[in-house]
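# Architecture at a glance
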Amino acid sequence: TLTDFEQNRHRLRRAQAAAIDADAEPLLQIRQGADASVRFMSKYAHFFALLEVENSDLAFAEERRKGTEIHTRDVARVLRIGIADGTIRDEDPELLAHSVVGSVGYYGHLHRTGRVALPDEELASFVGRLIVCSLASHEDIARRVLANGLGSTPLPS
């Protein structure tokens, strides 16, 4: 139901918030959020698979779009901070945010459909590295962010 969708969207946002260190630099926050998102999508793969099937239902499609817009807006806000401090490449933050959200969603889809056969943690790590390397304004910044361990924040039930 729509309520289930909203509850799962809120669970995803809580998982992202729990994984993101508010004191970390913006690029690391983006990495932490992407990692948590991929792990969450893997844990709740059955729910996301159902969303793909239900995507033709206009109510579900609208709720899914709303969730994507919120996620994109949140990512763009953090990207703007990183662009301003010079750690994230100076590009349109909305376009960059779409690339982050799109990468997370697409790799989650590939994993869910069996076309990427990596364990959850390995896929989350790959997506995080891909995003950091594509966003960092300089290779040294990417190396610094990638050297930072993420820890393992448990996902909400």
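A short tour of the structure in this document, coming up. (Residues numbered from 1 in each chain as written. Predicted model: local features only at pLDDT ≥ 70, side-chain atom pairs only at ≥ 80, totals over all residues. Heavy atoms only, no water.)

Between its terminal C-alpha atoms helix α5 (residues 93-112) stretches 28 Å, which fits the 28 Å expected from 20 residues at 1.5 Å a residue. Looking only at α5, the buried set comprises Pro93, Leu96, Ala97, Val100, Val101, Ser103, Val104, Gly108, His109, Leu110, His111 and Arg112. Two to three positions downstream of the cap, the backbone nitrogen of Glu94 sits 2.7 Å from a side-chain oxygen, assigning the N-cap of α5 to Asp92. Following α5 by one or two positions, Gly114 has its phi on the positive side, about 80°. (Helix = DSSP H or I, 4+ residues; strand = E, 2+ residues; numbered from the N terminus. Expected span 1.5 Å × (residues − 1). Buried < 20%, exposed > 50% of the residue type's maximum accessible area, 1.4 Å probe, protein only. Polar contact = N/O pair within 3.5 Å; in protein donor to acceptor, adjacent residues only side chain to side chain.)

Turning to the nonpolar core, a few remarks are in order. Considering soluble globular proteins, one finds that nonpolar side chains tend to be buried as a cluster. Leu27, Ile30, Leu79, Ile131 and Leu135 are the most contacted members of the largest nonpolar core, which has 30 residues in total. Among the secondary structure elements, those contributing two or more residues to this core are α2 (26-43), α4 (58-85), α5, α6 (120-135) and α7 (139-147). (Core = buried A, V, L, I, M, F, W, Y, C linked by side-chain atoms within 4.5 Å.)

A water-sized probe, rolled over the atoms, reveals where empty space remains. Of the voids in this model, the second largest pocket is the one considered here, and its volume is about 340 Å³. Forming the boundary of the second largest pocket are 16 residues, of which Gln16, Ile20, Asp74, Arg77 and Val78 lie nearest the centre. Sorting the residues of the lining of the second largest pocket by element identifies α1 (2-19), α2, α4 and α5 as the ones contributing at least two each. Among the residues making up the lining of the second largest pocket, the classes are represented as eight nonpolar, five polar and three charged. (1 Å grid on protein atoms, 1.4 Å probe; cavity = no way out; pocket = protein on both sides within 12 Å on 5 of 7 lines; lining within 4 Å. Points joined across faces, edges and corners; volume = space filled by probe spheres on them. Nonpolar A, V, L, I, M, F, W, Y, C, P; charged D, E, K, R; others polar.)

This brings us to the packing of α2 against α5. The geometry of α2 relative to α5 is characterised by a closest axis approach of 9 Å and an angle of 25° between their N-to-C directions. Here α2 is positioned roughly parallel relative to α5, judged by the angle of their axes. Helix-helix and strand crossings are classified by hand; for α2 and α5 the assignment is right-handed. Counting all contacts with α2, which are made through Ile30, Ala34, Ser37, Val38, Met41 and Ser42, the residues of α5 involved are Val100, Val104, Gly105, Gly108, His111 and Arg112. (Axes fitted to C-alpha atoms, helices over the stretch in contact; angles between N-to-C directions. Parallel < 35°, antiparallel > 145°, perpendicular 65-115°, else oblique. Left-handed = near helix turned anticlockwise from the far one by under 90°. Contact = heavy atoms within 4.5 Å.)

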